[in-house]
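Take a look at the letters that make up each chain.
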Amino acid sequence: ELQTDYFATHRITGAAAYVARRGDSLWSVTQRGTLPAWLLQQYNPDVDFADLRPGTQIMLPRVEAAS
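Notes on the structure in this doc start here. Just so you know, these numbers come straight off a predicted model, no measurement behind them.

1. A few points about the overall build of the protein chain
Alright, step 1. In terms of helices and strands, the protein chain carries three helices and two strands.
Alright, step 2. Along the protein chain, helices and strands appear, N-terminal first, in the series α-β-α-α-β.
Alright, step 3. Its C-alpha atoms give the protein chain a radius of gyration of 12 Å, within 12% of the compact-globule value 11 Å for 67 residues.
Alright, step 4. Put simply, of all contacts in the protein chain between residues at least 6 apart along the chain, 69% involve residues at least 24 apart.

Below, the structure is given as structure tokens:
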């Protein structure tokens, strides 16, 4: 239901690679694009955000408000 509600007002327009930096966490990365954590985790199923290391490549979905 959370996803259904989200996609009722947002749409994904693409994705971009991001390389994790020292001090990055799941929360700090989601704040870069104001992404929900569940969406970031879906795009990066092999990334352990509990042990995010500098140099790890992460895919950030580009999201915009649906019109």
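2. What about a nonpolar patch on the surface?
Alright, step 1. Together, Phe7, Ile12 and Tyr43 give the surface a local cluster of nonpolar side chains, amounting to about 230 Å² of exposed area.
Alright, step 2. Among the secondary structure elements, Tyr43 is positioned in helix α3 (residues 37-43).

3. Observations regarding the packing of aromatic side chains
Aromatic rings considered in pairs are described by the distance between their centres and by the relative angle of their planes.
Alright, step 1. On inspection of all chains with the given rule, the structure shows three aromatic pairs.
Alright, step 2. Judged by centre distance (5.4 Å) and plane angle (80°), the rings of Tyr6 and Phe7 are edge-to-face.
Alright, step 3. Using a relative accessible area of 13% as the deciding quantity, one classes Tyr6 as buried.
Alright, step 4. For Phe7, a relative accessible area of 35% gives the class partly exposed.
Alright, step 5. Between Tyr6 and Trp38, the aromatic rings sit 5.5 Å apart at their centres with planes inclined by 85°, giving edge-to-face as the arrangement. With Tyr6 in helix α1 (residues 2-9) and Trp38 in helix α3, this residue pair connects regions lying 32 residues apart in the sequence.
Alright, step 6. Three or more aromatic residues joined by ring pairs form one cluster here, namely Tyr6, Phe7 and Trp38.

4. A closer look at the nonpolar core
Alright, step 1. Val29, Leu40, Phe49, Leu52, Ile58 and Leu60 are the most contacted members of the largest nonpolar core, which has 13 residues in total.
Alright, step 2. Mapped by element, the contributors of at least two residues to this core are α3 and β2 (57-65).
Alright, step 3. At three residues, α3 tops the list of elements feeding residues into this core.

Quick notes on the rules
Residues numbered from 1 in each chain as written. Predicted model: local features only at pLDDT ≥ 70, side-chain atom pairs only at ≥ 80, totals over all residues. Heavy atoms only, no water. Helix = DSSP H or I, 4+ residues; strand = E, 2+ residues; numbered from the N terminus. Rg over C-alpha atoms; globule rule 2.2 N^0.38 Å. Contact = heavy atoms within 4.5 Å. Patch = residues over 30% accessible without salt bridge, like charges linked within 9 Å, V, L, I, M, F, W, Y side chains within 5 Å. Areas by Shrake-Rupley, 256 points an atom, 1.4 Å probe, with all protein chains shown as cover. Salt bridge = Lys/Arg side-chain N within 4 Å of Asp/Glu carboxyl O. Phe/Tyr/Trp six-rings, centres within 6.5 Å; stacked < 30°, edge-to-face > 60°. Buried < 20%, exposed > 50% of the residue type's maximum accessible area, 1.4 Å probe, protein only. Core = buried A, V, L, I, M, F, W, Y, C linked by side-chain atoms within 4.5 Å.

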